[in-house]
Amino acid sequence: MANLVYALLLSTNLLVGPANASYAFYVGKDLTADGVVMVGGTGEEVSSHWLQVFPAADHAPNATITVGVTEDAVKPGRLFQIPQVRHTWRYISMEYSDFEGFPAPLTNGGVNEKGVAVRDVWADSRSELYDMTPSPQTGLQYSDLARIVLERAATAREGVEIIGQLIDEYGEATYGGNSHLVADKDEGWVVWEFAGGQKLWAAERLGADEVRVLYPGYIEDFPVDFKNSSKDYMGSEHLVDFAVGRGWWDPKSEEPFNIFKVYGMSGENRTARDGGFKYMSQAQLEDATRAMAPVTERDLMERVRDPRISDDEAGYGQVVSLYPNLDPDLIRIWNAPTGSVAAPFLPTWLGVDAVLPEYGQHRYLTTGASSSFLHPDFELQEASVFAGRLFKRVLYYMCSAPTTFHPLVTDMLVSFENQSRADVLGWVEGGARALLGKGQRAAAKALLQFYAHTRARDALGLGRTMTEALDAYIKLMSGWRDPTGSQINDAGEGAETVNCLVGFDPDKPAWKQPPLSSSKKRLILQAPDTP
């Protein structure tokens, strides 16, 4: 059997920023098969992830929300309250429980009833900004900003304006720099929030003919007179002046005002689009996605599922198409309950009232679960099977012999999704539209929830079948390997090893790749697929 190649980053210059990060994909509507904006991505936090539907809500005139970070954050801070708006939109989000003192629950990606999608992605600031961040720091952190956009924004542009206004007024609480992808039916925006406590941020509009992949988020050339010269850019009032004052950019030079070069983290072999991040650069992913044009939902799922992206770090996978003039109840998100290399994308609509308990919050990888017992309120929830844990088992079985199991698992997942897609685009949404047209909204919502829940249950059955079959095959073929050490966790950031990665070429399946070369500055560890 071919060897499984595990790649670890050797150089700290190639591993800048948090290992717990996220991907975001943006595909403009001129490049998609349906002529709609598409957004996709993963979340890479260690903690548990779960899908949750948040209803629209009215709030009292004096209502507030708590924002900020705690003293346990990488850069310690404090929590504080800001005013809540009178009405917040309905939205669906992938939630998670822990990141470096940022209080749970945190949101990493979702879509609201106005068709505004948000994704949160790391984006390191230069070291001088990180060092000047006050302690304790105050401001809204990345999840606060993403959630408020989901609650309040009716367009992507409005979402960017909301982020900017909040930072201008309250500041941003940082872990080193962050970005957001905000998109609607017409366009997308990249917003980069910088460390330092200086209320610095920049935003760039993405057009209908663009592909953008954030890992990390980036913005390059930026007009100096952006306030007056273009509707495609936004930023803090002192964005340029601050850089000039620090000597980071000379307005008399012929060098353009490049946000990445001025405010981003520099380093060996590091550029905005190709800095050696993880196993595929942004440039590779963007080129591979553009080559698929016209891009379908299945195509974007394939990109998000790529094992060089979707490994043990990926807490979920997500794809959403932002159709114009769509009834809010029909806004649909495809979500995989853990890394989509080992789990199926499942449809959920904003018209559903709740997700199945198996896809809700469980103790597995939830903050504090190992140091306390279960709260009685969660006893039935915890008694249910956790989909995230079930499909993690598929991943671990699969990665024991990827050249054998990876193609088989992928075929099963894609076949399952093909059936889901045929149902969704056929009788499910067709029936729901017919019911809505007759004024039978409750019946339409019931149909959508019935299918979403039925298909989610079918996926649990698929997961059980795969784990049982893979377990039996491995043991019958004498492929079982007991642990040889006593350390159940990896060595920490930069040492993650459970993946199905065997190469870099984005145009070939990963299990057909040649071994990585030393020129990539990677450490090659080879282990046999099976004894």
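This structure is a prediction, so every number in the text was calculated from the model and none was measured.

With that settled, the discussion passes to the overall build of the protein chain. Secondary structure summary: the protein chain contains 12 helices and 20 strands in total. Split into buried and exposed, the 531 residues of the protein chain put 57% on the buried side. Within the protein chain, contacts between residues separated by at least 24 positions form 72% of all contacts whose residues are at least 6 apart in sequence. Counting only carbon and sulfur atoms, one obtains 52% of the accessible surface of the protein chain, whose full area is about 21500 Å².

Before going further, it helps to examine the packing of helix α10 (residues 387–398) against helix α11 (residues 402–437). One way to put it is that α10 packs onto α11 with a least axis distance of 8 Å and a crossing angle of 140°. Regarding the angle of α10 to α11, the classification is oblique. Judged by residue contacts, Val 394, Tyr 397 and Met 398 of α10 engage Pro 402, Phe 405, His 406 and Val 409 from α11. Within the contact of α10 with α11, the residues separate by chemical class into six nonpolar, one polar and no charged.

Here we come to the pairing of strand β14 (residues 201–206). Of all six residues in β14, five are buried, a share of seventy percent or more. With six bridges joining them, strand β13 (residues 188–193) and β14 adopt antiparallel strand pairing. Along β14, the bridge assignment pairs Val 190 with Glu 204. Relative to strand β16 (residues 233–235), β14 runs antiparallel, the two being bridged by three bridges. Counterpart to Glu 204 in the pairing with β16 is Tyr 233.

Our focus in this paragraph is the confidence of the model for the protein chain. On average, residues of the protein chain score 89 in pLDDT, and 89% of them reach the 70 mark or higher. Across residues 1–19 the pLDDT falls below 50, and counting only partners more than four positions away or on other chains, this stretch makes 84 contacts in the model. Confidence over residues 509–531 falls short of pLDDT 50; this stretch has 72 contacts with residues more than four positions distant or in other chains.

What follows covers the packing of aromatic side chains. In the structure shown here, the tally under the stated rule is 18 aromatic pairs. With a centroid separation of 4.5 Å and an interplanar angle of 10°, the aromatic rings of Phe 54 and Tyr 91 are classed as stacked. Residue Phe 54 is found in strand β4 (residues 49–54), and its partner Tyr 91 is found in strand β9 (residues 91–96); the two are separated by 37 residues along the sequence. Of the two residues, Phe 54 and Tyr 91, both sit in the buried class. Their ring planes at 65° and their centres at 5.9 Å tell us that Phe 242 and Trp 248 sit as a pair that is edge-to-face.

Before going further, it helps to spend a moment on helix α3 (residues 156–170). In an α-helix, one turn spans 3.6 residues; hence positions three or four apart end up facing the same way. Between the first and last C-alpha of α3 there are 21 Å, a value that for 15 residues agrees with the 21 Å anticipated at 1.5 Å per step. Buried positions along α3 lie against β7 (79–83), α2 (142–152), β12 (178–183), β13, β14 and β16. Positive phi shows up at Gly 171, right after α3, with a value of about 85°.

Packed helices, taken two at a time, are described by their axes: the angle between them and the distance between them. One can describe the packing of α11 onto helix α12 (residues 441–476) by two numbers: an axis separation of 10 Å at closest approach and a directional angle of 170°. When the interaxial angle is binned, α11 and α12 end up roughly antiparallel. For the contact of α11 with α12, the per-class residue count stands at 22 nonpolar, four polar and four charged.

Moving on, we get to the nonpolar core. With 116 residues, the main nonpolar core has Phe 194, Leu 239, Phe 257, Ile 259 and Tyr 263 as its most contacted residues. For this core, the element with the highest residue contribution is α12, accounting for 12 residues. In this view, Phe 194 contacts Ser 125, Leu 129, Glu 172, Leu 200, Trp 201, Ala 202, Leu 239, Ile 259 and Tyr 263; residues no more than four positions away in its chain are not counted. Membership of the second largest hydrophobic core comes to 27 residues, among which are Leu 140, Ile 163, Trp 201 and Ala 203.

Cut-offs and rules
- Residues numbered from 1 in each chain as written.
- Predicted model: local features only at pLDDT ≥ 70, side-chain atom pairs only at ≥ 80, totals over all residues.
- Heavy atoms only, no water.
- Helix = DSSP H or I, 4+ residues; strand = E, 2+ residues; numbered from the N terminus.
- Buried < 20%, exposed > 50% of the residue type's maximum accessible area, 1.4 Å probe, protein only.
- Contact = heavy atoms within 4.5 Å.
- Areas by Shrake-Rupley, 256 points an atom, 1.4 Å probe, with all protein chains shown as cover.
- Axes fitted to C-alpha atoms, helices over the stretch in contact; angles between N-to-C directions.
- Parallel < 35°, antiparallel > 145°, perpendicular 65-115°, else oblique.
- Nonpolar A, V, L, I, M, F, W, Y, C, P; charged D, E, K, R; others polar.
- Pairing = 2+ DSSP bridges.
- pLDDT = per-residue confidence, 0-100.
- Phe/Tyr/Trp six-rings, centres within 6.5 Å; stacked < 30°, edge-to-face > 60°.
- Expected span 1.5 Å × (residues − 1).
- Core = buried A, V, L, I, M, F, W, Y, C linked by side-chain atoms within 4.5 Å.

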